[in-house]
Amino acid sequence: MLVIYGSARIPSPEHADALLAAAKTPEERRVAERLAAKAPYYREAKRLAARASAVPRDAQGRRHFVVCSGGGPSIMEAANRGAHECGKESVGLNIVLPHEQAPNQYVTPSLSFQFHYFALRKMHFLLRARAVCVFPGGFGTFDETFELLTLVQTGKMKAMPIVLFGKEFWNRVGNFDALADEGVINRRDIDLFKFVETAEEAWAHICDFWKNAPLGVLASSEPDEQPECWEWE
């Protein structure tokens with residue numbers, strides 16, 4: 001699976017103006033502007049999901065990069081939408097929350113699952129993951145991402161491509177170099193992940209990681225042509 005984490009609050013490009021218009025106070029306006037500035041990541045999540053969904057089945061008929069998201073809105077919706085608009089299935093691992101988060105409309109109904117416990121949900125994200133791509137997000141995204149990094153760092157999980165979209169965001173909200181300077185992580189731990197800005201960069205890193213993998217994992221990753229849903233206005 002290609003697992004995509006990210007915020008439930010970043011608007012799609014078509015809804016960014018509405019978010020700004022709804023702001024009533026200067027503080028709300030500042031927050032809305034910051035969220036609207038991240039709207040391009042919705043498009044990149046959708047494009048990345050489309051690219052991964054175009055990977056052909058292997059010789060045994062298996063798909064190795066089925067898109068999997070948390071099933072909710074925003075970046076999660078973009079991931080499922082990218083697969084859906086390419087005519088491919090995608091997974092949504094939803095969670096029961098106080099505000100009753102419902103699966104987004106693009107999750108394949110037969111692959112929509114609902115969890116009560118975060119721990120079990122996180123386990124199922126990673127059991128079949130071939131790569132994890134992380135977009136800007138809040139507490140939930142941090143929880144999922146840092147648990148993954150800890151598992152790989154400590155050898156509890158094998159290394160895989162871990163991609164963080166938005167270097168400026170991640171360095172602003174979590175200074176990884178400072179952690180290494182303080183000695184609380186090793187400098188080489190920063191190499192567990194890669195910063196990118198675009199779907200192309202992310203997919204290139206994933207392909208580079210798996211290029212020497214056993215036949216079947218990514219040996220047939222390149223479609224004959226780019227999927228029609230790869231580019232959006």
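Refer to the preceding data block for the structure.
Reading the values: rules and limits
Residues numbered from 1 in each chain as written. Predicted model: local features only at pLDDT ≥ 70, side-chain atom pairs only at ≥ 80, totals over all residues. Heavy atoms only, no water. Axes fitted to C-alpha atoms, helices over the stretch in contact; angles between N-to-C directions. Helix = DSSP H or I, 4+ residues; strand = E, 2+ residues; numbered from the N terminus. Parallel < 35°, antiparallel > 145°, perpendicular 65-115°, else oblique. Left-handed = near helix turned anticlockwise from the far one by under 90°. Contact = heavy atoms within 4.5 Å. Nonpolar A, V, L, I, M, F, W, Y, C, P; charged D, E, K, R; others polar. Phe/Tyr/Trp six-rings, centres within 6.5 Å; stacked < 30°, edge-to-face > 60°. Buried < 20%, exposed > 50% of the residue type's maximum accessible area, 1.4 Å probe, protein only.

Draft legend 1. Quick look at the packing of helix α3 (residues 40-53) against helix α9 (residues 199-210). Where α3 meets α9, the closest approach of the two axes is 9 Å, and the angle between their N-to-C directions is 40 degrees. Here α3 is positioned oblique relative to α9, judged by the angle of their axes. As α3 runs across α9, the sense of the crossing is right-handed. Between α3 and α9, the contacting residues are E44, R47, L48, R51 and A52 on the first element and A199, E200, A202 and W203 on the second. Along the lines of polarity and charge, the residues of the contact of α3 with α9 split into 5 nonpolar, no polar and 4 charged.

Draft legend 2. Up close: the packing of aromatic side chains. Evaluation of the coordinates by the stated rule reveals 12 aromatic pairs. When the centroid spacing of 5.3 Å and the interplanar angle of 35 degrees are considered together, the rings of F142 and W170 count as tilted. Here F142 is found in helix α6 (residues 139-153), whereas its partner W170 is found in helix α7 (residues 167-173), with 28 residues between them in sequence. On the basis of an interplanar angle of 55 degrees and a centroid distance of 6.3 Å, the ring pair of F176 and F195 is categorised as tilted. With F176 in helix α8 (residues 176-181) and F195 in strand β7 (residues 194-196), this residue pair connects regions lying 19 residues apart in the sequence. Exposure remark for F176: the relative accessible area of 6% places this residue in the buried category.

Remember that the coordinates give geometry; whether it matters functionally is a separate question.
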